Every structure is written in structure tokens, then in C-alpha cells.
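# Observations on the model geometry
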Amino acid sequence: MRKIICGILLAIPFFCFGQEAEKDLYNWFDNTIGLENTAISQGIKYNENFAIKDNKHSFYKSFEYVKGSIKYNGNLYNSVYFKYDLFSEEIIILLEGKQKSRITIQLFKKSIDNFTINNIRFVKVLRENDKLNQDIEFYEEAYKSNFIKLLIKHSKSRKEILYKRRIFFEYTKKKNTYLVFFNNEYIKISSKKSILKTFPKQKSYILSFFEKNKLLRKKDFDRFLTNLMKVLSDNMSKNKTLI
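Residues numbered from 1 in each chain as written. Predicted model: local features only at pLDDT ≥ 70, side-chain atom pairs only at ≥ 80, totals over all residues. Heavy atoms only, no water.

## Section: the nonpolar core
Core analysis: the biggest nonpolar cluster contains 21 residues, and Ile148, Val180, Ile189, Ile195, Phe199 and Met229 have the highest contact counts within it. Contributing elements (two or more residues each) for this core: strand S11 (148–153), strand S14 (177–182), helix H3 (203–212) and helix H5 (221–238). Broken down by element, the residue count for this core peaks at six residues, all from H5. Among residues more than four places away in sequence, those in contact with Val180 are Ile148, Lys149, Leu150, Glu185, Tyr186, Ile187, Ile189, Phe199 and Met229. (Core = buried A, V, L, I, M, F, W, Y, C linked by side-chain atoms within 4.5 Å. Buried < 20%, exposed > 50% of the residue type's maximum accessible area, 1.4 Å probe, protein only. Helix = DSSP H or I, 4+ residues; strand = E, 2+ residues; numbered from the N terminus. Contact = heavy atoms within 4.5 Å.)

## Some details on H5
In this model H5 runs 26 Å from its N-terminal to its C-terminal C-alpha over 18 residues, within 8% of the 26 Å that 1.5 Å per residue would give. Among the residues of H5, Asp222, Phe224, Leu225, Thr226, Leu228, Met229, Leu232, Ser233, Asn235 and Met236 are the ones counted as buried. (Expected span 1.5 Å × (residues − 1).)

## Quick notes on the pattern of salt bridges
Following the criterion strictly, the structure yields nine salt bridges and no others. Where Glu170 meets Lys56, a salt bridge forms, and the shortest distance between an N and an O atom there is 3.8 Å. With Glu170 in strand S13 (residues 166–173) and Lys56 in the loop between strand S3 (43–45) and strand S4 (66–72), the pair connects residues that are 114 residues apart, well separated along the chain. Assessed through its relative accessible area of 10%, Glu170 is described here as buried. When its relative accessible area of 36% is taken as the criterion, Lys56 is described as partly exposed. The shortest N-O distance in the salt bridge between Glu141 and Arg121 comes to 3.0 Å. Placement of the pair is Glu141 in strand S10 (residues 134–144) and Arg121 in strand S9 (residues 120–128), with a sequence separation of 20 residues. Through salt bridges with shared partners, a single ionic network connects Lys56, Lys159 and Glu170. (Salt bridge = Lys/Arg side-chain N within 4 Å of Asp/Glu carboxyl O.)

## Some thoughts on unusual backbone geometry
Peptide bonds are mostly trans, and most non-glycine residues show a negative phi. We note that Asp54 has phi near 55 degrees; this positive angle belongs to a residue other than glycine. Within the fold, Asp54 resides in the loop between S3 and S4. Looking at Asp54, the relative accessible area reads 54%, which means it is exposed. The phi angle at Lys61 is positive, at roughly 70 degrees, despite the residue not being glycine. Its location among the elements puts Lys61 in the loop between S3 and S4. When its relative accessible area of 61% is taken as the criterion, Lys61 is described as exposed.

## Here we look at the packing of aromatic side chains
On inspection of all chains with the given rule, the structure shows 17 aromatic pairs. On the numbers, 6.0 Å between centres and 90 degrees between planes, the contact of Phe82 with Phe115 is edge-to-face. Residue Phe82 is located in strand S5 (residues 75–85), and its partner Phe115 is located in strand S8 (residues 112–117); the two are separated by 33 residues in the primary sequence. On the basis of relative accessible area, Phe82 is assigned to the buried category, the value being 0%. Look at Phe115 and you get buried, because its relative accessible area is 1%. Aromatic side chains Phe210 and Phe224 sit 5.0 Å apart centroid to centroid with 75 degrees between the ring planes, which places their arrangement in the edge-to-face category. A residue pair is termed long-range when its members are at least 10 positions apart, and Phe210 in helix H3 and Phe224 in helix H5 qualify at 14 residues. In this pair, the class of Phe210 matches that of Phe224, namely buried. Taken together through their ring pairs, the aromatic side chains of Tyr60, Phe82, Tyr84, Phe115, Phe122 and Phe138 make up a single cluster. In this structure, Lys83 is placed above the aromatic ring of Phe59, and the distance from its NZ or CZ to the ring centre is 4.3 Å. (Phe/Tyr/Trp six-rings, centres within 6.5 Å; stacked < 30°, edge-to-face > 60°. Lys NZ or Arg CZ within 6 Å of the ring centre and 35° of its normal.)

In C-alpha cells form, the structure reads like this:
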């Protein structure tokens, strides 16, 4: 069964792309373009119409498009060139045709299940907001076991700068935030207190780990938490009463 991914192009006819389940993204772009396949629209034309200052862009790791994989509408697409906007939490993919024509498409966030960029896997998390609606967020899957999943949220803030009568945007990395998926629940953790509250049966192990890893905690908190979750998960695998 042929799967369809379509991009809505502004001010010109619909542009659609079809693909066999396991084909490379370029193959379905180059070989199976069909203007008649316009029933389903799965993304919108993306234009980078803003100016940034001092290369302080909004994207994860690099402003350039990076080769990775995306699971979209339940289908896995490998060898996709894309970038991840940390300010808007949007995925922008780059498609290139046989005649060197290029198009950039912003994927529909709700249709993205997960993606891997720079060898880092991100997963979609649905969380209720103050209006009782669900917010769609993407988190790095830093650690995963049968008992615990550690998720890290990367984001950036934006500031407007007036320079030579022009408005520029400057993006700055924000402090990471963390979720633990444990006992079928997403729990926010940020401190020793919140970790102890989440894993009360492993208090002695947690306190010992904090004491032995003070330098790592200050230097690389992401790695500190990842290593801690590995210790707690290993304890659970050996002693089920700690779950």
C-alpha cells in the first residue's frame, strides 16, 4: 500500500509525494511525485523569513539540515534531511528533486511519533496544560529500561534586537528540564528532593550516588541523571521490591 506525504505550497498548486513503505525519502520524492495525489496534506511550505544575529539560531545543534530518521504517521522514514527548531518545537525537512529543485516542509507536530537527529533519539510526549488540553512536546530519550525512562527537554528562548534599523532575533539555550516515566506516569524531577520522592524505596542508593558524584552533578547534570537512573534500574532488576 502506497503511503502519501504532501506539502501545502503557498500560492501554487499542491505538491505531493508518495512512497513505498521502506523506500528512501529521496526515492519517493524523485520517482513517485504525483500532482493527482492531493487528498491528504501532511505538511506546509516552510520559509525562513527571519534574520538571526551572531549565528544564534533556534535549532538543535546546527542551523544546517542533518541526516536522520523520522517516524511520521506511523511510518519510519530513514535518510531524511531535517532540523529541529527548539523555540517552536517544529520539525523542518528538506527535499531535493532530480533537477536540483529544493523544498522545505514543516511537518505536522501531531503526526510525528519520534525522530533521531545527531544520533540522539527524541520522542513525543502529550501533557495536559492549564486549559485541560494536551500540549505536544518532544524530549530526548536519554535512558530507557524495563523500569525507568529518563527524558530531557531541550529548548531555546528568543530575544529581539534592533541593529542598524533592522530587527534581528537572537536565540539562547534554556536550562534543560527532566521527566521520568515510572510506574506508567510522567514525573518531573529537578532536585535530590524530587528524585527521593519519586523513588522512596531507594533512598540510601540515591543519597550515596549524590555523595559520590558531586563533581559530575555540577559539570554535566544530564549525564549525572542518566547514570543515576541506570543504577536505580539495575537495583530494580535485581530486587523487585524496590519498584
